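Inside the fold
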Amino acid sequence: MADCDLCGVSIPTVCPVKVFEPKFEHSYPVGKWKGLCERCLDSSKAVYDKHAQESEETVCMLPGDSFGTCDLCGSAAQLYGVDVEIPSFTKVYEKETKRLCRKCLEGSNEAHAKKHECFGEHH
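What comes next is a walk through the structure.

Cut-offs and rules
Residues numbered from 1 in each chain as written. Predicted model: local features only at pLDDT ≥ 70, side-chain atom pairs only at ≥ 80, totals over all residues. Heavy atoms only, no water. Salt bridge = Lys/Arg side-chain N within 4 Å of Asp/Glu carboxyl O. Helix = DSSP H or I, 4+ residues; strand = E, 2+ residues; numbered from the N terminus. Buried < 20%, exposed > 50% of the residue type's maximum accessible area, 1.4 Å probe, protein only. Phe/Tyr/Trp six-rings, centres within 6.5 Å; stacked < 30°, edge-to-face > 60°. Expected span 1.5 Å × (residues − 1). Contact = heavy atoms within 4.5 Å. Pairing = 2+ DSSP bridges.

**Quick word on the pattern of salt bridges**
On inspection of all chains with the given rule, the structure shows 8 salt bridges. Here D49 ties to K45 by a salt bridge, and the two come within 3.0 Å at their closest N and O atoms. Of this pair, D49 and K45 both sit in helix α1 (residues 38-51), separated by 4 residues, roughly a single helical turn. For D49, a relative accessible area of 40% translates into the label partly exposed. A single network of salt bridges, built from pairs that share partners, joins E21, K32 and K34.

Shown next, in the form of C-alpha cells:
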C-alpha cells in the first residue's frame, strides 16, 4: 500500500510525480518522486490546463492562488489552488485546497500523460 502525498489516501498504487525539493537539491539534483492518487492527479491537471498559457512573468493572481510554500515540494513560490478530497472518519471526504507551485503542476501534467501506465486501462 502507498499513500498519496497530497491527500493522504492509502491505495495499492500511486502515480509517481517528479518534484524538485529545495532542501534536497544537493542530494537529489535531478528531483525526487512523490506519489499522487488518481483524483489528485486529475485535479492538478485541471489547474495546470487553466494556467498553461500563462508565462511565469505574466502570472496574474486568480481567486485561490497565493504566494507561499508549496504543499508538495516545500519551495517558496507562486502557488495555485488545487482542490483535493481528504478521507474523513466523520464524512466520506472533506474538500480542501492544497497549494502547488508551477514546477509541481508541470510534473503532475507529465505524470498525467502516463497515468494509464500507473493505474492500468480499467480506470
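**Description of the packing of aromatic side chains**
Counting across every chain of the model gives 1 aromatic pair. Both rings, one in F24 and one in Y28, keep their centres 6.2 Å apart while their planes meet at 80°; by these two values the pair is edge-to-face. Using a relative accessible area of 28% as the deciding quantity, one classes F24 as partly exposed. Relative accessible area serves as the criterion here: at 42%, Y28 is assigned to the partly exposed category.

**Here's the deal with helix α2 (residues 102-113)**
Over its 12 residues, α2 runs 17 Å from end to end, which matches the ideal 16 Å to within 8%, given 1.5 Å per residue. When we look at burial in α2, the residues that qualify are R102, C104, L105, G107, S108, N109 and A111. Turning to α2, the residues buried within the fold contact β3 (15-19), β4 (32-36), α1, β6 (76-87), β7 (93-101) and α3 (115-119).

**Notes on the pairing of β7**
Of the strand pairs in this sheet, β6 and β7 are connected by 9 bridges, and their pairing is antiparallel. Within β7, the position partnered with I86 by the bridge is E94. Hairpin geometry of β6 and β7 is characterised by an intervening segment of 5 residues between the two adjacent antiparallel strands.

**Here's the deal with the pairing of strand β5 (residues 66-69)**
With 4 bridges connecting them, β5 and β6 associate as antiparallel partners. Along β6, the bridge assignment pairs T69 with A76. The turn linking β5 back onto β6 is made up of 6 residues, and G74 within it adopts a positive phi angle of 85°.

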